[in-house]
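One-letter residues, chain by chain:
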Amino acid sequence: MAFFAHQIRRGFSSSAVRNVVIKQVTIIGGGQMGAGIAQVAASTGHSVTLVDTSDDILKKSIKTIEGSLKRVVKKKFADKPEAGEEFIQKVLKNVSTSTDVGSAVQGSDLVLEAIVENLKIKQDLFSRLDKLAPAHTIFASNTSSLPISDISSATNRLDRFGGLHFFNPVPMMKLVEDTPGFIVNRLFVPYLYEAIRLYERGHGSKEDIDIAMKLGVGYPMGPFELSDYIGLDTIKFIMDGWREMDPDNTLFAPSELMDKLVAEGKLGKKTGEGFYKYK
Ligand SMILES: CCCCCCCCCCCCCC(=O)CC(=O)SCCNC(=O)CCNC(=O)[C@H](O)C(C)(C)COP(=O)(O)OP(=O)(O)OC[C@H]1O[C@@H](n2cnc3c(N)ncnc32)[C@H](O)[C@@H]1OP(=O)(O)O
Ligand SMILES: NC(=O)C1=CN([C@@H]2O[C@H](COP(=O)(O)OP(=O)(O)OC[C@H]3O[C@@H](n4cnc5c(N)ncnc54)[C@H](O)[C@@H]3O)[C@@H](O)[C@H]2O)C=CC1
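Calculation rules
- Residues numbered from 1 in each chain as written.
- Chains lettered and ligands numbered in written order.
- Predicted model: local features only at pLDDT ≥ 70, side-chain atom pairs only at ≥ 80, totals over all residues.
- Heavy atoms only, no water.
- Pairing = 2+ DSSP bridges.
- Helix = DSSP H or I, 4+ residues; strand = E, 2+ residues; numbered from the N terminus.
- Axes fitted to C-alpha atoms, helices over the stretch in contact; angles between N-to-C directions.
- Contact = heavy atoms within 4.5 Å.
- Buried < 20%, exposed > 50% of the residue type's maximum accessible area, 1.4 Å probe, protein only.
- Right-handed = clockwise from strand over helix to strand, strands pointing away.
- Phe/Tyr/Trp six-rings, centres within 6.5 Å; stacked < 30°, edge-to-face > 60°.
- Lys NZ or Arg CZ within 6 Å of the ring centre and 35° of its normal.

Draft legend 1. Focus on the sheet that holds strand 6 (residues 161-163). Strand order across the open sheet formed by six strands is 3-2-1-4-5-6, with parallel pairing between neighbours. A strand with exactly one partner marks an edge of an open sheet, and here the two such strands are strand 3 (95-98) and strand 6. Neighbour to neighbour, the strand axes of the sheet diverge by 20° on average, direction disregarded. Bridge count between strand 4 (residues 110-113) and strand 5 (residues 138-141): four bridges; the pairing is parallel. Along strand 5, the bridge assignment pairs E113 with S141. Each of strand 1 (24-28), strand 4, strand 5 and strand 6 touches helix 6 (residues 119-132); the most contacted strand, strand 5, lies at about 170° to it.

This is the structure we're talking about:
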């Protein structure tokens, strides 16, 4: 139970959340981040309700969690397969799913949002949640680029609203950022941008740039592999949002290639094709 309560106490300045006990967690958005966060929350003993827009998506989320748990167990319970299977079943028992956000937030101590990276859609969701969730419930967003104050302005619980920024893949990445002004993306985003500019200017192939960053700096994935892993729709949402806020900044100029891939539904690993093909 301690994991989420610890993050909340570290990241929220409000006294309203200082002695918080987090038992019941609702996660909204069952995509790659939501599924990963649900897995971590359930593995650390929380009772989790995962919400998305359809049962088909939620079935896929549970399959993703199961697949990831199998990988975790292969390592953690290498010599005890039965204990590993028991662990998987115990974790899965902690996760229920719902398409009804109103009932899902009843009794929830923490609602963590991991839906699309779009301010208006996040605000609409939180505005509804504010009316539906109990007064004590803490709200948090997993946004990777939007100011938390803009998202929280749609609610009346500013003392119980914060950012919990997990990294992808959640079960493997050990960092959660919850301080105002994320650090990683400030350094990471210009790096990804520069990679695509190099490629568009013909300074190197995607493959060469990826190999250079893996062999030269020791990164586990090159920038194009990583962009496909993150999701090109998410990246485009971020780029478009920042350009709107700062139209003269050349760093945020649109990328023709990115726009084309997203328009064609080539969103990266999750759709089977992005910069690279995965089937
Ligand atoms: C060019 C585009 C320009 C656009 C610019 C616009 C910029 C906007 C960007 C905004 C970004 C938003 C993102 C964000 O907010 C923050 C992020 O999350 S950034 C992403 C951070 N993540 C990374 O950098 C990941 C880097 N990759 C890795 O660490 C590894 O490659 C990875 C762990 C994913 C896989 O490892 P690898 O060795 O490559 O492959 P294996 O498959 O062998 O895995 C190794 C090991 O790990 C286990 N494992 C992997 N995944 C999972 C999982 N999901 N669950 C459980 N276990 C997993 C696997 O089983 C292996 O275990 P072994 O025991 O070692 O076999
Ligand atoms: N992909 C990444 O590497 C990272 C993403 N993030 C952030 O996490 C959030 C989610 O990203 P991903 O999981 O990658 O996206 P994704 O596209 O994999 O999943 C988003 C999910 O939200 C669901 N959804 C959309 N609107 C909804 C609504 N109103 N109610 C319920 N469900 C809804 C979709 O059906 C989808 O399943 C975004 O804010 C993103 O910026 C943060 C860190 C890393």
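Draft legend 2. Looking closely at the pairing of strand 5. Because side chains alternate across strand 5, one face comprises the buried residues I138 and A140, and the other comprises F139 and S141, equally buried. The handedness of the strand 4 to strand 5 crossover, carried by helix 6, is right-handed. Summarising the sheet, strand 5 and strand 6 pair through three bridges and their orientation is parallel. Bridging from a neighbouring strand, F139 pairs with F161 of strand 6.

Draft legend 3. Quick look at the packing of aromatic side chains. Per the stated rule, a full pass over the model turns up 10 aromatic pairs. Judged by centre distance (5.5 Å) and plane angle (70°), the ring pair of Y199 and F224 falls under edge-to-face. Of this pair, Y199 sits in helix 8 (residues 184-200) while F224 sits in helix 10 (residues 223-230), placing them 25 residues apart in sequence. F224 sits in the buried class, given a relative accessible area of 2%. Grouping aromatic residues by their ring pairs yields a cluster made of F126, F139 and F161. The ring of Y276 carries the charged tip of K206 above its face, separated from the ring centre by 5.4 Å.

These results come straight from atomic positions and should not be treated as a statement about function.
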